[in-house]
Amino acid sequence: MYALSSKDFVSLTVTEGGDGRYNNGKQRRRQSWWRRWKQLSRLQRTLILLLLSAVVVCGTAMYPSLMPFPTDVSLLAGEDNWKGMDTGTLKPALPGVIPEVVPRAVPAPEKLELPTEQNRPAPNKHRPVVPHKRQRSRGNVSGGPTKESQGPSEERGAETADGEKPLVSWRGAIIEAEQVTEAQHMEAQPSTRQREAPPAGPGQAVPQVAATGLTEPIDRAEAVREAFRHAWKGYRDFAWGHDELKPISKSYGEWFGLGLTLVDALDTMWILGLKEEFEEAKKWVATELNFSKNMDVNLFETTIRILGGLLSTYHLTGDRFFFDKAKDIGTRLMPAFKTPSKIPYSDVNIGQGKARPPRWTSDSTVAEVTSIQLEFRELSRLTQDPQFQNAVDEVMKIVHRLDGKHDGLVPKFINTNSGQFTHRGVFTLGARADSYYEYLLKQWIQSGKKENELVEDYLQAVEGVKKNLLRVTAPRRLTFVGELSHGRFSAKMDHLVCFLPGTLALGTHHGLPADHMELAARLVETCYQMYAQMETGLSPEIAQFNLQPRNSRDIEVKAADRHNLLRPETVESLFYLYRFTQDQKYRDWGWEIFQSFNKHARVSTGGYTSIGNVRDPANPRPKDKMESFFLGETLKYLYLLFSDDPSLVSLDEYVFNTEGHPLPIWPSGS
Ligand code: DMJ
C-alpha cells in the first residue's frame, strides 16, 4: 500500500487572523496572501502558476469572439483597428452597420438659375393685348401665282416603301396600319362623350365655305384675326371646354379631357390681340381646368400643348396664375420618367401618378422623348427645382451616346427598358423623328448656345440629311428630303418635314453655317409647291417626289395620303424665312395657302375642318375635325408672317416650342 507523504498533496490551510478582529486593509490582505503563498510547496506553486497561465492564454484567444462587435463605425474605419485581428473569421460587413451615406450636394444643372422666390425669373411679359392696327399689306393681296391645273393622279395603295411593318401613329398610339381604315385613322380615339353627330348627307360632303366678310384691299394680318375668330366661334358654340371641335357635326371630340384647343390657343389670342376671347378662356382655365383626374395622357402631346401653352402664356401676360397651372401639370407628368432606362413612357395617368408604355410595346417614339426638353427645362428655371431639367437632360445624354445612328440621323423608336434604339435602319425627318432635330437646335438656343453636344449633334444631323436624304426632282428640280430604309432611298416626304426649312434658317440666324439658309430656301419652296401643285391648293399629308425625267409632275400622292389636317409646318417655315430675309414672296405664298384653307376648309357655322382629299376641289371630303394646332400654330404663324412688327415675339428673345408656343431664350448667366 502506498502511504501518502506530506509532500504528495496540496494542502491549503487557511489560518484565521491572530487577534480575531476583522482587518481588511490592503496591507493586511497583501501580507496574508503572500504568507499563504510562501507556505505552499514548490509543486503546488508550479501547478497554480501553470493553471493561471493556461487561463490567461485561453482567455486572450477567445476574447474577440466573446466581445460584442463594435457598432461605432469609426472604430473600424482606421486600418490600425483591424491589425492583429483574424479577419478570416469575421464577417466583412454586418447588416445594420453600413456606413451612413453622407448626402452629396446635388450640383445645380449647368445653366440652371436657382433664384429665390422673390427673384424667380420674371416672365418676358409681352405687350398687352391690343387690337391689330389695320395696315395695307404690301405685295400681292388677292392672289399669287396661278396653280397649274393638274389631272387626277393614279390611285395607289398605301403600302410603305421602307419595308418595315407599317404602323400608324395617332398621337402616341401605335396602330397596326392594316387594321385601320383611313377614316378610322382620322377619327382615332373618339370620345365616348361625343355628342351624336347627324349623319352626313350628300349635301354635307363639301363644307359650306363661309364668306370672310373682308373686302379689298385686304389687311392680311387682319384676315387671319378674322379666321381665328371664326374658328373660335365654332369651338365656343359647339365644343367649349372640350379637346377638339367637330365643326361639320357641330359637336366635339375628347382626347384627354383637358380643353386642349382652348389651352393651345391662349397665347395665340394674346398675340393676335383678341382680348375678350382671351379673358373668357382664362376664366375657363381658372374655374374648370382640373388636372386631378384619373386620366391617361400622352406625355409628349400634353407637354408641348398644355405645359408649353401655359408657360408661354405666363411669359407673355406676366400672370402668375398660368405659371401655377404649368407647375401643376408638369409635376403630374413626372412619373413618366420612372422607367428602367430613364427613357420616359409614352403615357401617364395624371391623377394616379402612374405611367406606362402603350399596351403593345415597351418602345417610345424618339421624337416624343426628345421634344419635351424646352418645356421641362423652362419649368425648372422658373420653379428653381432641378428635377424637371435633370429628367429631360438625362434623356438627351442617353440618346447622344447611343449606337444605331447613321451620320447623326436617328431611328424612330427607343426602348424604355433597355434604353436602346429599336426598329433600326430606317431614317426620316418626318413622323416620329422630326422634332428630335428641331429640339437639338432649340435647346442650344434656349440656354445661350453653350451646350456643345446639342449643336454638334444638330450639325452632324444636317450633314447626314445632305449626304443621305436630299434629292432633286427631275421635272422642276425641287429639292426634297426623302427617307432611308435599310440602305434603300424612298422619295417620300411627310408634310411634317416642312418644319426643317424654318429650323435651318433659325440656325443660320444664330450663327450656324450660311449654307443652311440656302438649303432652307430650297426646301421651303418645295413645301410651298406641295400646296400649289394640288388642286385644292392644300398639301397632302405625304408627298411622293418624282426622280424620273419622263414624269411631268414633281409630286404624286398616294390615295391614303391625300388628307390635310390643317398642319402648320409650311407656314411656320414661311414665317422664319420672311423674318430673316424680308422677301415678299414668302408672304405671298403664305397668303395663297391661307386662302386655300378659307376656300376648302372653312365651315360656315364656325370652325375649320381637316379634309380627306386635297386633289378634289369639288369634293375635298371634310373630315369633321379641327385640330388644336390649327389655333395653336397655323393661324399664329400666319399672323406673325403678315404682321409688320418684327418685334412681335422677337426671334432673339424667344424660341418657339414644337407646338408654336414661344418660350424665352434664357438671359446669359441663367
Ligand atoms: C403639332 O402637334 C406639333 O407641331 C408637332 O411637333 C407635330 N405635329 C403637330 C402639327 O403638325
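Just above, that's the structure.
Each value, and the rule that gives it
Residues numbered from 1 in each chain as written. Predicted model: local features only at pLDDT ≥ 70, side-chain atom pairs only at ≥ 80, totals over all residues. Heavy atoms only, no water. Helix = DSSP H or I, 4+ residues; strand = E, 2+ residues; numbered from the N terminus. Buried < 20%, exposed > 50% of the residue type's maximum accessible area, 1.4 Å probe, protein only. Contact = heavy atoms within 4.5 Å. Areas by Shrake-Rupley, 256 points an atom, 1.4 Å probe, with all protein chains shown as cover. Pairing = 2+ DSSP bridges. Near = heavy atom within 4 Å. Polar contact = N/O pair within 3.5 Å; in protein donor to acceptor, adjacent residues only side chain to side chain. Nonpolar A, V, L, I, M, F, W, Y, C, P; charged D, E, K, R; others polar. Expected span 1.5 Å × (residues − 1). Core = buried A, V, L, I, M, F, W, Y, C linked by side-chain atoms within 4.5 Å. Phe/Tyr/Trp six-rings, centres within 6.5 Å; stacked < 30°, edge-to-face > 60°. Lys NZ or Arg CZ within 6 Å of the ring centre and 35° of its normal. Salt bridge = Lys/Arg side-chain N within 4 Å of Asp/Glu carboxyl O.

**Things to note about the overall build of the protein**
- A count of helices and strands for the protein gives 19 helices and 20 strands.
- Residues counted as buried form 54% of the 670 residues belonging to the protein.
- Here the contacts in the protein between residues at least 6 apart in sequence split such that 71% fall between residues at least 24 apart.
- For the protein, the exposed area adds up to about 30300 Å²; of that, 54% sits on carbon and sulfur atoms.

**Describing the sheet that holds strand 9 (residues 413-415)**
- Spatial strand order, 8-9-10: three strands in an open sheet with antiparallel pairing. Each of the sheet's edge strands pairs with one partner strand only, and the pair in question is strand 8 (363-365) and strand 10 (421-422).

**Considerations on the site of the ligand**
- Looking at the ligand, the residues that line it are Ile 304, Arg 305, Leu 496, Arg 567, Pro 568, Glu 569, Phe 629, Glu 633, Thr 658 and Glu 659.
- The contact in question runs from an oxygen atom of the ligand to an N or O atom on the side chain of Arg 567, over 2.6 Å.
- At a separation of 2.6 Å, an oxygen atom of the ligand approaches a polar side-chain atom of Glu 569.
- Going through the elements one at a time, helix 8 (299-317) and helix 19 (628-642) are the ones with two or more residues in the shell around the ligand.
- Split by residue class, the shell around the ligand holds four nonpolar, one polar and five charged.

**Notes on helix 13 (residues 434-446)**
- The first and last C-alpha atoms of helix 13 sit 19 Å apart over 13 residues, in line with the 18 Å expected at 1.5 Å per residue.
- Summarising burial for helix 13: 13 of the 13 residues are buried, a large majority.
- Gly 448, located one to two residues past helix 13, shows a positive phi value of around 90 degrees.

**Remarks on the side chain of Thr 317**
- In this fold, Thr 317 is placed in helix 8.
- The exposure class of Thr 317 is buried, given its relative accessible area of 10%.
- For Thr 317, the side chain forms a polar contact with the main-chain nitrogen of Asp 319, separated by 3.1 Å.

**Considerations on the nonpolar core**
- Counting residues in each nonpolar core, the largest one holds 156 residues, and the members touching the most others are Leu 266, Phe 376, Leu 429 and Val 481.
- At ten residues, the largest contribution of residues to this core is made by helix 16 (residues 514-532).
- For Val 481, the residues in contact, after removing those within four places along its chain, are Leu 429, Val 465, Leu 469, Leu 470, Lys 492, Met 493, Val 497, Leu 500 and Leu 523.

**Focus on the packing of aromatic side chains**
- One pass over the full model with this rule turns up 25 aromatic pairs.
- Between Tyr 436 and Tyr 437, the aromatic rings sit 4.9 Å apart at their centres with planes inclined by 75 degrees, giving edge-to-face as the arrangement. The pair Tyr 436 / Tyr 437 is uniform in exposure class, with both members buried.
- An aromatic cluster is built from Phe 575, Tyr 576, Phe 580, Tyr 637 and Phe 656, whose rings are joined through pairwise contacts.
- Lying over the aromatic face of Phe 291, Lys 325 brings its terminal NZ or CZ to 5.2 Å of the ring centre.

**Considerations on the pairing of strand 17 (residues 542-545)**
- Across the two faces of strand 17 the burial is the same, with Ile 542 and Gln 544 and Ala 543 and Phe 545 all buried.
- As paired strands, strand 16 (residues 492-494) and strand 17 are joined by three bridges and run antiparallel to one another. Paired with Lys 492 across the two strands is Gln 544, which belongs to strand 17.
- Bridge count for strand 17 against strand 18 (residues 555-556) is two bridges, and the pairing is antiparallel. Along strand 18, the bridge assignment pairs Gln 544 with Glu 556.

**Description of the pattern of salt bridges**
- For the structure shown, the criterion picks out 30 salt bridges.
- A salt bridge links Asp 267 to Lys 636, with the nearest nitrogen and oxygen atoms 2.8 Å apart. Of this pair, Asp 267 sits in helix 6 (residues 260-272) while Lys 636 sits in helix 19, placing them 369 residues apart in sequence. When sorted by exposure, Asp 267 lands in the same class as Lys 636, which is buried.
- For Asp 554, the salt bridge goes to Arg 476, with nearest N and O atoms at 3.5 Å. You can see Asp 554 sitting in the loop between strand 17 and strand 18 and its partner Arg 476 sitting in the loop between strand 12 (470-472) and strand 13 (479-481), a full 78 residues away along the chain.
- Residue Arg 476 is classed as partly exposed on the basis of its relative accessible area, which comes to 37%.
- What emerges from the salt-bridge pattern is a single network uniting Asp 296, Asp 347 and Arg 356.

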